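# Descriptive analysis of the structure
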Amino acid sequence: MRQFVGVRVIQANAMDLTLFQFDYDMSFAVHFLNADRTVYARYGSRRGNEEEANDEMSLEGLAETMTGVLALHEAYPKNKTTLYGKQPNPDVPYPVPEKQPLLNNYKSKLDYDGKVAGSCIHCHQIRDTYRQEIRESGKVLPHKLLTPYPLPSVLGIEMDPKRAAVVKEVGPNSVAAKAGLAVGDVVCQMRGQPILSLADMQWVLHSTAKGGPLTLRVERHGEEKDIILTLADDWDHTSDIDWRVSTWDLRRMGFGGMRLVEFSAKERQEQGVAEGALALRAKNVGKYGNHAVAKKAGMKIGDVVTSYAGFEEAMPEGVLLRKVLGKYKRGDKVSLTYVRDGRQKKAEIRLQ
Amino acid sequence: MKRFLILAMAGSLGAAEPKKTRDEMVHEDRAALAENDAWVYNDLARAVAEAEKAKKPLMVIHRCIP
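Just so it is clear, the structure is predicted and the values come from calculations on it, not from any experiment.

### Structural notes on the overall build of chain B
In terms of regular secondary structure, chain B is built from 3 helices and 2 strands. Taken from the N to the C terminus, the helices and strands of chain B come in the order α-α-β-α-β. Counting all 66 residues of chain B, 38% fall into the buried class. In chain B, the share of contacts with a sequence separation of at least 24, taken over all contacts with a separation of at least 6, comes to 51%.

### Things to note about the packing of helix α3 (residues 123-136) of chain A against helix α7 (residues 247-255) of chain A
Geometry of a packed helix pair, given as the angle between the helix axes and the separation of the axes. Residue and element names in this part refer to chain A. Relative to each other, α3 and α7 sit at 15°, their axes nearing to 10 Å. Accordingly, the angle class assigned to the pair α3 and α7 is roughly parallel. Relative to α7, the crossing made by α3 is left-handed. Facing R131, Q132 and R135 of α3, the residues of α7 in contact are D249, L250, R252 and M253. Residue composition of the contact of α3 with α7, grouped by class: 2 nonpolar, 1 polar and 4 charged.

### A few points about the sheet that holds strand β1 (residues 39-41) of chain B
One open sheet accounts for 5 strands, arranged β3(A)-β2(A)-β2(B)-β1(A)-β1(B); its pairing is mixed. Since the sheet does not close on itself, it has two edges, and those belong to β3 (39-45) of chain A together with β1 of chain B, each with one partner. Shown here is a sheet whose adjacent strand axes are inclined to one another by a mean of 20°, direction ignored. Summarising the sheet, strand β1 (residues 5-9) of chain A and strand β2 (residues 58-62) of chain B pair through 5 bridges and their orientation is parallel. The residue of β2 of chain B that forms the bridge with V5 of chain A is L58 of chain B. On the sheet, helix α2 (residues 59-75) of chain A packs against β2 (28-33) and β3 of chain A together with β2 of chain B and is oriented at approximately 170° with respect to β3 of chain A. In this fold helix α3 (residues 44-54) of chain B packs onto β1 of chain A together with β1 and β2 of chain B, with an angle of close to 170° to the strand it touches most, β1 of chain A.

### Remarks on the domain arrangement of chain A
When the parts of a complex come together, some accessible area is lost, and that lost area is often taken as the interface size. Along its sequence, chain A is carved into domain 1 (152-231) and domain 2 (247-350). Each of domain 1 of chain A and domain 2 of chain A was reduced to a C-alpha centroid, and the two centroids are 34 Å apart.

### Examining the sheet that holds strand β14 (residues 343-350) of chain A
Residues and elements named next belong to chain A. The strand order across the open sheet built from 5 strands is β10-β11-β12-β13-β14, with neighbouring strands paired in antiparallel fashion. A single partner strand is all that each edge strand has here, and the edge strands are β10 (258-262) and β14. Mean inter-strand twist for the sheet, computed between neighbouring axes without regard to direction, equals 40°. Bridge count for β10 against strand β11 (residues 280-285) is 5 bridges, and the pairing is antiparallel. Along β11, the bridge assignment pairs L260 with A282. In the packing of α7 onto the sheet, contacts are made with β10, β12 (304-308) and β14, and the angle to β10 comes to roughly 95°. Each of β10, β11 and β12 touches helix α10 (residues 317-325); the most contacted strand, β10, lies at about 130° to it.

### Focus on the nonpolar core
All names here are of chain A. Grouped together as the largest cluster of nonpolar side chains are 33 residues, with contacts concentrated most on M258, Y308 and L320. Of all the secondary-structure elements, those providing two or more residues to this core are α4 (143-146), α7, β10, β11, β12, α10, β13 (333-340) and β14. Look past the residues within four positions of Y308 in its chain and what remains in contact with it is G254, F255, M258, L278, L320, V324, V334, S335, L336, I349 and L351.

### Describing unusual backbone geometry
Residues and elements named next belong to chain A. In this structure, P77 follows Y76 across a cis peptide bond, with omega equal to 10°. Among the secondary structure elements, P77 is positioned in the loop between α2 and α3. A positive phi angle is found at A14, which is not glycine, with a value near 65°. Tracing the backbone through its elements, the reader meets A14 in the loop between β1 and β2. In this structure A14 comes out as partly exposed when scored by relative accessible area, which is 40%. Phi is positive for A309, which is not a glycine, with a value near 55°. With respect to the secondary-structure elements, A309 resides in the loop between β12 and α10.

How each quantity is defined
Residues numbered from 1 in each chain as written. Chains lettered and ligands numbered in written order. Predicted model: local features only at pLDDT ≥ 70, side-chain atom pairs only at ≥ 80, totals over all residues. Heavy atoms only, no water. Helix = DSSP H or I, 4+ residues; strand = E, 2+ residues; numbered from the N terminus. Buried < 20%, exposed > 50% of the residue type's maximum accessible area, 1.4 Å probe, protein only. Contact = heavy atoms within 4.5 Å. Axes fitted to C-alpha atoms, helices over the stretch in contact; angles between N-to-C directions. Parallel < 35°, antiparallel > 145°, perpendicular 65-115°, else oblique. Left-handed = near helix turned anticlockwise from the far one by under 90°. Nonpolar A, V, L, I, M, F, W, Y, C, P; charged D, E, K, R; others polar. Pairing = 2+ DSSP bridges. Domains from an automatic or database assignment. Core = buried A, V, L, I, M, F, W, Y, C linked by side-chain atoms within 4.5 Å.

Structure below.
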């Protein structure tokens, strides 16, 4: 560890957004850099509680990532071209978070003489406020802002948290399974970029806009081979966003503050809901301010939404949320039907 | 350094927090790291200069204040 210069950054205030581009919903994130700002690797976890975080990271896995970083550093700058794809996009809306109009009440430094915790910009606010700014300008949200940094699980790939980049599971009939990826494969490269962590894989997927071939170079039984995944155009549409801190505000915008959960197969059977039909139960309905729009429209916890803004086919909450916010603008009114105590009802929600 | 990493990761994993105000925890966090010469606390420019001089890679941890 003494082979690194370690720095703990505790706030997003003054964060150079032309350099630090990562999944801002992560609760623990690491950048490995050369002093000339070249990015070697990213590392982190999306999870907020101990049990789930252990699903994605461990000291053993981090140590293996660090070993890989040292190898890249040793070979630098001869390997600079292979690192090109890992570098951040210099074209950003704002150079630092506090330049964003919705965050301009924050300063570049923390207020240690006053309310220091309250003077901190949290990483997730970077994307939250950018989304809000777009909505307030009367536009729909672009797909990448609604589906940031997909996890490889969307392709059927689960990584081993105790290793840097080793495949732990491959989902049956998944994109990865069809391409021939196997448990135990060491992912060395994706789209030519050296891969040292799950976060590195998310970076590649985040910059993958369209469907088509995606090449993974893996090491299997001591030999390297290329695995070519074939991505459909909507490959990331089922990416899970439920866990994200920032999804809370998307629910305000798109659902009037409701949190919806998909019916299980058992619930479908019990309630007589046809397979393939939308059935999302209101797990929570916001009570205050702009999060109480659904409540004011009459919605209650336990109501089962069976159509929303014209969408009637079965889908998880996150997919519906993205469809709504990617199609409708702030101020648009959408109709929904829901079932309460066996009776069908209607409501209308004005989107934010 | 390893001890800090364990603590930082544990913090991110939602370890139980003592009953202190958030402001108190932020001040304690800074004081604790100030004693640790293996880490630069919240000063990226200084860390970059040290990395350049020592020809070492940087490990930048983004971890919220408590």
